[in-house]
Amino acid sequence: MKDGYHIAVAGATGAVGNEMIKILEEQKFPVASLKLLASSRSAGKTLDFRGKSLTVEELREDSFEGVDIALFSAGAAASRQFAPAAADSGCVVIDNSSGWRMDPEVPLVVPEVNPHAVADYRNKGIIANPNCSTIQMVVVLKPIYDAVGIERVVVSTYQAVSGTGKLAMQELMDQTRLLLNFQEVTPEVYPYRIAFNCFPHIGGFLENGYTEEEMKMVYETQKIMEDPDIRVSATTVRIPVFYGHSEAVNIQTSRKLSAKDARVLLFRAPGVKVLDNPDERIYPMPLEAAGIDDTLVGRIREDISIENGLDLWIVADNIRKGAALNTVQIAELLAKEYL
């Protein structure tokens, strides 16, 4: 690893971009220079990094000269437009959008699960960051998969509004305030009222009846785990929580694994923290996950309805491990092993 790298953050003014900047500072990543990029409407704003005020520049195709690593969280359309130009300029792009995840030449990486895949950045100069819900799930599935194999996964997610962005968080806040004052609300970000409500609709609906978010979890899990035979079915739900995605995960393993042995495996797993003591009402909650790096797992129990079944409850901060932290961890791995 060099003493310093020239870093760019594209989408710097968004919720994930803000968190990327924060984590670069917290992790003491060796940043020689930091360039902040966003759309033309955000250009000129200032953000702090290591005690200095940096001015946000407009994201352009020529923004990446002299940049070593570009962290993208500017949306799929912007990533498809600007990531190839960034890679052509000589930097490595780590993209947080859905724009490149299923490209067979672009590695889809969770450092605790498939760190070796980072080497494939050489194909296009791009590394993809998975969907937030996929990341926290595969971090927990990996040690179980390695021990006994996994044949099938059924997951229901309960996803915080921060996954949609700053406007969604503001909408939840505004709607809550209005309803508590007995006033009417008009949804703008979401199709329905999110305050005191939930709805099973994240992403557009597809011909097979699943949503885009649900199929992301299917395809991304298979790609990251490098096993197209894992059967995955997902239902994704938006709930009125600001930070922290929760997941009820049912898995069927290839060989028997007791709940006790699963806890032991997960206690040892990198990036995982087990909170599992039902007698003391200890289990993961979004309140506990917000602002921390670990993926939390609890309610570990054997499924009484099928052979070789396990039920898990998984919670993580979707903006940190589900997005910004995983991106910076990929950058750390890239810098340490390849640049």
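Everything in this summary refers to the structure shown in the same document. (Residues numbered from 1 in each chain as written. Predicted model: local features only at pLDDT ≥ 70, side-chain atom pairs only at ≥ 80, totals over all residues. Heavy atoms only, no water.)

1. A closer look at the pattern of salt bridges
Threshold: What counts as a salt bridge is simple: a side-chain nitrogen of Lys or Arg found within 4 Å of a carboxyl oxygen of Asp or Glu. Counting from the N terminus, the helices are the DSSP runs of H or I reaching at least four residues and the strands are the DSSP runs of E reaching at least two. Summary of the burial criterion: residues with accessible area below 20% of their type's maximum are buried, those above 50% are exposed, and those between are partly exposed, where the area comes from a 1.4 Å probe applied to protein chains only.
As enumerated under the stated definition, the model contains 14 salt bridges in all. Between Arg263 and Asp276 there is a salt bridge, with the nearest N and O atoms lying 2.7 Å from each other. Placement of the pair is Arg263 in helix 6 (residues 259-268) and Asp276 in the loop between strand 12 (272-274) and helix 7 (286-289), with a sequence separation of 13 residues. By relative accessible area, which is 16% here, Asp276 ends up buried. Linked by salt bridges that have partners in common, Glu19, Glu26, Asp293 and Arg320 make up one network.

2. A word on the sheet that holds strand 8 (residues 126-128)
Let me state the cut-off plainly: Strand pairing requires that DSSP identify at least two bridges connecting the strands. Contacts were defined at the residue level, with two residues in contact if any of their heavy atoms lie within 4.5 Å. Fitted lines through C-alpha atoms give the axes, limited to the stretch in contact for helices. The angle between two N-to-C directions lies from 0 to 180 degrees.
If you trace the six strands from one edge of the open sheet to the other, you get 5-2-1-6-7-8, paired in parallel fashion. In this open sheet, the two edge strands, each paired with only one partner strand, are strand 5 (57-58) and strand 8. As defined by bridge partners, strand 7 (residues 92-95) adjoins strand 8 across three bridges and the pair is classed as parallel. Directly across from Ile94, in strand 8, lies its bridge partner Ile127. Relative to strand 1 (residues 5-10), helix 1 (residues 15-26) is tilted by about 155°, and along the sheet it contacts strand 1, strand 2 (31-38) and strand 6 (69-72). Helix 8 (residues 320-337) rests against strand 1, strand 6, strand 7 and strand 8 of the sheet, and its axis sits at about 165° to strand 6.

3. Observations regarding the pairing of strand 4 (residues 52-55)
In this sheet, strand 4 lies alongside strand 3 (residues 46-49) in antiparallel orientation, the contact comprising four bridges. Paired with Phe49 across the strands is Lys52, a residue of strand 4. Between strand 3 and strand 4, which pair antiparallel and follow one another directly, the connecting turn spans two residues, one of which, Arg50, has a positive phi of 50°.

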